[in-house]
Amino acid sequence: QNGILDCTGNVDLAIGLSDAYIGEDTSSVSHLFGVIGKPLFFIRQGILNELKYMDNIKLSCCTSDGSSIWASAASRNALLKISRSGKVEEFYIIPNENDSSNLYSDILTNGNELYLVPRNAKEIAVFNIKDKRFTKIPLCGPQTKNKFSKGYLYENKVYFVPRMYEKMVILSCEEARLYYNKELV
């Protein structure tokens with residue numbers, strides 16, 4: 001319902017029905033979207049359509065809540081709410097983060113909450129869409145860069161896949177409590 005996977009040899013119908021392109025920048029389909037002026041969202045690359053008051057924002061990760069796209073800026077400390085037309089509607093500074101480079105590697109949606117998976121951020125960030133508030137969950141152990149590469153939501157728990165962090169981390173969404181497991185790494 002939210003996307004089109006075109007497996008045919010002719011992409012004209014998919015391009016005509018789509019609101020935007022989300023995918024790799026190496027695809028020839030992305031060029032066709034650009035030619036007709038539809039927004040382009042590149043995975044791990046950024047947004048190429050022109051934004052009126054912010055130039056050349058690159059995104060590190062994004063998710064959808066059904067009506068809007070939520071994204072973490074790659075080179076700024078920011079959570080963005082983006083309309084389906086590509087316009088930045090809301091801009092939130094993530095508290096207690098001084099670094100601004102690739103803070104988060106993934107965003108997961110669970111009800112009214114967004115779970116931001118830390119890459120270079122100090123803590124896990126949870127954003128309540130309804131209340132427009134952040135909750136931060138500190139990690140134990142030494143502060144490292146490239147902590148986690150991805151997150152998975154399963155049975156109301158977020159599983160953080162380590163990149164350079166020494167343990168698998170599991171967050172119980174109900175309890176807002178972390179569990180650490182070194183054996184799953």
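Residues numbered from 1 in each chain as written. Predicted model: local features only at pLDDT ≥ 70, side-chain atom pairs only at ≥ 80, totals over all residues. Heavy atoms only, no water.

**Description of the overall build of the protein**
Stage number 1. Helix and strand content of the protein: two helices and 15 strands.
Stage number 2. Within the protein, contacts between residues separated by at least 24 positions form 31% of all contacts whose residues are at least 6 apart in sequence.
Stage number 3. For the protein, the computed accessible surface area is about 10,600 Å², with 50% contributed by carbon and sulfur atoms. (Helix = DSSP H or I, 4+ residues; strand = E, 2+ residues; numbered from the N terminus. Contact = heavy atoms within 4.5 Å. Areas by Shrake-Rupley, 256 points an atom, 1.4 Å probe, with all protein chains shown as cover.)

**Description of the pattern of salt bridges**
Stage number 1. In the structure shown here, the tally under the stated rule is six salt bridges.
Stage number 2. Between Lys150 and Asp106 there is a salt bridge, and its shortest N-O distance comes to 3.2 Å. Taken together, the residues Lys150 in strand E12 (residues 148-154) and Asp106 in strand E8 (residues 104-110) connect sequence positions 44 residues apart.
Stage number 3. Note that Lys136 and Glu123 form a salt bridge whose closest N and O atoms lie 3.2 Å from each other. Highlighted residues: Lys136 in strand E11 (residues 133-138) and Glu123 in strand E10 (residues 123-128), separated in sequence by 13 residues. The exposure classification of Lys136 matches that of Glu123, with both residues buried.
Stage number 4. Residues joined in a network through salt bridges with shared partners are Lys81, Glu90 and Lys132. (Salt bridge = Lys/Arg side-chain N within 4 Å of Asp/Glu carboxyl O. Buried < 20%, exposed > 50% of the residue type's maximum accessible area, 1.4 Å probe, protein only.)

**Points about the side chain of Asp106**
Stage number 1. The buried category is assigned to Asp106, whose relative accessible area is 8%.
Stage number 2. A distance of 3.2 Å separates the side chain of Asp106 from the side chain of Lys150, its partner in a polar contact.
Stage number 3. Not counting the four nearest positions on each side in its chain, Asp106 is found in contact with Cys61, Tyr115, Leu116, Val117, Lys150 and Gly151. (Polar contact = N/O pair within 3.5 Å; in protein donor to acceptor, adjacent residues only side chain to side chain.)

**Quick look at the pairing of E11**
Stage number 1. In the sheet, E10 pairs with E11 via six bridges, with the strands oriented antiparallel. Residue pairing in the sheet places Ile124 in a bridge with Ile137 of E11.
Stage number 2. Following E10, the chain reverses through four residues before pairing antiparallel with E11; Lys132 in that reversal takes a positive phi of roughly 60°. (Pairing = 2+ DSSP bridges.)

**Section: the environment of Leu40**
Stage number 1. With respect to the secondary-structure elements, Leu40 resides in strand E2 (residues 40-42).
Stage number 2. Among the residues examined, Leu40 registers a relative accessible area of 10% and is labelled buried.
Stage number 3. Put simply, Leu40 and Ile22 are 18 residues apart on the chain and 6.3 Å apart in space, counted from C-alpha to C-alpha.

**Section: the sheet that holds strand E15 (residues 177-181)**
Stage number 1. Ordered by their spatial adjacency, four strands build an open sheet running E12-E13-E14-E15, and the pairing between neighbours is antiparallel. The open sheet has two edge strands with one neighbour each: E12 and E15. On average, each strand axis in the sheet is tilted by 20° relative to the strand beside it, whichever way the strands run.
Stage number 2. By the bridge criterion, four bridges tie strand E13 (residues 157-162) to strand E14 (residues 168-172) in an arrangement that is antiparallel. If you follow Lys157 over to E14, its bridge partner there is Ser172. (Axes fitted to C-alpha atoms, helices over the stretch in contact; angles between N-to-C directions.)

**Some points on the confidence of the model for the protein**
Close inspection of predicted coordinates is inappropriate in any region flagged by low pLDDT.
Stage number 1. Residue-level pLDDT values for the protein average 82, and 86% of them are 70 or greater.
Stage number 2. Within the model, pLDDT remains below 50 along residues 44-53, and this stretch shows 24 contacts once partners closer than five positions in the same chain are excluded. (pLDDT = per-residue confidence, 0-100.)

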